[in-house]
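Here is how the chains run, residue by residue.
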Amino acid sequence: MKVKRILKWSRRALLVALILAFLWGFIAYWASTNDCDRKTALVNPMKAIVYCEYGSPDVLKFEDVEKPVPTDNQVLIKVRAASLNALDVYLIRDTWFGRLIFGLRKPKDTRLGRDVAGQVEAVGKNLAAAGQFKPGDEVFGICRGALAEYACASERALVMKPPSVPFEQAASVPLAGLTALQGLREGKIQPGQKVLINGATGGVGTFAVQIAKSFGAEVTAVCSTRNVELVRSIGADHVIDYTKEDFTKSDQRYDVIFDNVCNHSFSERRRVLTTKGICVLAGMGGAGVKEGQAIGRIAGNLFTARGLSSFTDQKFAQYMTKMSKQDLIMLGDLIQAGKLRPVIERTYKLSDAADALRYLDKGHARGKVVIAVE
Ligand SMILES: NC(=O)c1ccc[n+]([C@@H]2O[C@H](COP(=O)([O-])OP(=O)(O)OC[C@H]3O[C@@H](n4cnc5c(N)ncnc54)[C@H](OP(=O)(O)O)[C@@H]3O)[C@@H](O)[C@H]2O)c1
């Protein structure tokens, strides 16, 4: 009798919980909106790229929006150049995963672009007091909404641009350059080591090849036929054309695999690692990777490669790129010294940013796609 009553009440509690969860989901869905529908007059208009809905690059609009105002710890930048990353494609894509993070019904943040280079226009109160940046300084770094005439960035995410480095080159560096540098450090790269870079000709790969060379490594680059000459020109010692040869089937062994694609299994990559080799799981194949493929590769990385590597001497390392002023200054100095050459395949105008993202979305950009802001 007592058990029957408990079962009855548990069923009721479960039903109430389900109804509440459904209501919460419904309210959260309709409440998650953005500022696109607000039609108040603009006080200080500027041009920017905005996206009000999820979708393909066709959802990008070139519009007048309110010029941002820096907080006490921010810098207002007059943007001279920005660059696109695979991240920008993932942000606008309509995926259930993206909706859970960036807004259920509509994207909460409607501004796009992370990598920025430009001139300081105004400095927040606290930074001005500390004398950190001043109007006119030329800077580069990471912010939100770089695809605009003006953007605000935290002081922690900005460094001075080396004077001889053009704005377009500086803007091509932050996310891709930091990802390459920090990933190679995850691989504990040493001079003389054999390093393989899978996905060597995209934004991250072109930096990774050159940075690995500057560490004194012997670099093998994996790319498609049309990019063989490009990777040679930036210093790769050996090139594997993935349309003709599978690097996991060769007899060569590598101390570090820097994997931008992760399109091989755990055991295939172990086969070509040295006994204490490290495979750095940097990415999933760039802007062109489709949702199903990406989820499969993330799951493979997390549950198989990373998990099983705790039982072997060969390691599979995963990492998230972190903003580091020191690293960004180092990359800027390498460019200034002529030891690192950003590969910029195409430069678009701000008004043509949708075309630029459409190009990146195809998944075969060579190096970086840059937006020059007049
Ligand atoms: N870990 C982090 O915190 C972090 C930070 C930033 C970026 N990432 C990730 O890093 C990855 C690379 O980013 P990206 O900006 O370099 O992307 P990207 O510019 O779109 O480049 C992707 C590259 O992948 C190559 N590729 C595609 N299929 C390939 C295959 N089967 N074998 C070898 N290469 C292949 C393409 O070369 P071809 O044209 O020759 O095919 C292209 O050059 C992305 O997945 C991104 O999400 C990770």
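Above this note sits the structure.
Residues numbered from 1 in each chain as written. Predicted model: local features only at pLDDT ≥ 70, side-chain atom pairs only at ≥ 80, totals over all residues. Heavy atoms only, no water.

Asks: Let's hear about the side chain of Arg114: which residues, and what values?
Replies: Along the chain, Arg114 turns up in the loop between α3 (96-102) and β4 (115-123). Among buried charged residues, Arg114 stands out as having no salt bridge; its nearest opposite-charge side chain is Asp109, 4.9 Å away. For Arg114, the residues in contact, after removing those within four places along its chain, are Leu87, Asp88, Leu91, Gly141, Ile142, Cys143, Arg144, Gly145 and Ala146. (Helix = DSSP H or I, 4+ residues; strand = E, 2+ residues; numbered from the N terminus. Buried < 20%, exposed > 50% of the residue type's maximum accessible area, 1.4 Å probe, protein only. Lys, Arg positive; Asp, Glu negative; His and termini not counted. Salt bridge = Lys/Arg side-chain N within 4 Å of Asp/Glu carboxyl O. Contact = heavy atoms within 4.5 Å.)

Asks: How would you sum up the pairing of β4? Please name residues and give values.
Replies: Taken together, the 8 bridges between strand β3 (residues 74-83) and β4 define a ladder with antiparallel strand orientation. In the strand pairing of β4, Val75 is matched with Val123. Two strands pair when backbone bridges link them, and β4 and strand β5 (residues 138-142) are joined in this way by 5 bridges, in the antiparallel orientation. Bridging from a neighbouring strand, Gly118 pairs with Val139 of β5. (Pairing = 2+ DSSP bridges.)

Asks: Please set out the sheet that holds strand β12 (residues 273-281) residue by residue, giving values where relevant.
Replies: By way of backbone hydrogen bonds, the strands of a sheet pair with one another, either parallel or antiparallel. Spatial strand order, β10-β9-β8-β11-β12-β13: 6 strands in an open sheet with parallel pairing. Single-partner strands in this sheet number two, and they are β10 (238-241) and β13 (315-318). Each neighbouring strand pair of the sheet contributes to a mean axis angle of 20 degrees, computed without reference to strand direction. Both strand β11 (residues 254-259) and β12 contribute to a ladder of 5 bridges, which runs parallel. Note that in β12 the partner of Phe258 across the bridge is Val280. Helix α6 (residues 174-186) rests against β8 (194-198), β11, β12 and β13 of the sheet, and its axis sits at about 145 degrees to β11. Packing of helix α10 (residues 291-308) onto the sheet brings it into contact with β12 and β13, and relative to β13 it is tilted by some 145 degrees. (Axes fitted to C-alpha atoms, helices over the stretch in contact; angles between N-to-C directions.)

Asks: Lay out the pattern of salt bridges with the relevant residues and their values.
Replies: One pass over the structure, following the stated rule, counts 19 salt bridges. Between Glu53 and Lys106 there is a salt bridge, with its nearest N and O atoms 3.9 Å apart. In this pair, Glu53 sits in the loop between β1 (45-51) and β2 (60-66) while Lys106 sits in the loop between α3 and β4, placing the two residues 53 residues apart along the sequence. Given a relative accessible area of 40%, Glu53 falls into the partly exposed group. It is possible to trace a salt-bridge network through shared partners that takes in Asp58, Asp355 and Arg358.

Asks: How would you sum up helix α12 (residues 353-361)? Please name residues and give values.
Replies: Counting buried positions over the 9 residues of α12 gives 7, a clear majority of the element. Within α12 the residues assigned to the buried category are Ala353, Ala354, Ala356, Leu357, Tyr359, Leu360 and Asp361. Considering only its buried residues, α12 is in contact with β1, β2, α2 (86-92), β14 (344-349) and β15 (368-372). Note on α12: the residue one or two positions beyond its end, Gly363, has a positive phi of about 90 degrees.

Asks: Talk me through the state of the cysteines; I want residue IDs and the actual numbers.
Replies: Tallying each qualifying case throughout the model produces 1 disulfide. Just so you know, Cys143 is unpaired, no disulfide at all, and the nearest cysteine sulfur is the one on Cys152, 8.5 Å from it. (Disulfide = S-S within 2.5 Å.)

Asks: Kindly report on the nonpolar core, identifying the contributing residues and their values.
Replies: Counting 48 residues, the largest nonpolar core has Leu184, Val195, Ile197, Val209, Ile211, Ala212 and Leu331 as its most contacted members. The element that contributes the greatest number of residues to this core is α6, accounting for 6 residues. Other than its neighbours up to four places away in sequence, Ile211 contacts Gly177, Ala180, Leu181, Leu184, Leu331 and Leu340. In terms of nonpolar packing, the next biggest core, distinct from the first, is built from 38 residues, Leu91, Ile92, Val139 and Leu360 among them. (Core = buried A, V, L, I, M, F, W, Y, C linked by side-chain atoms within 4.5 Å.)

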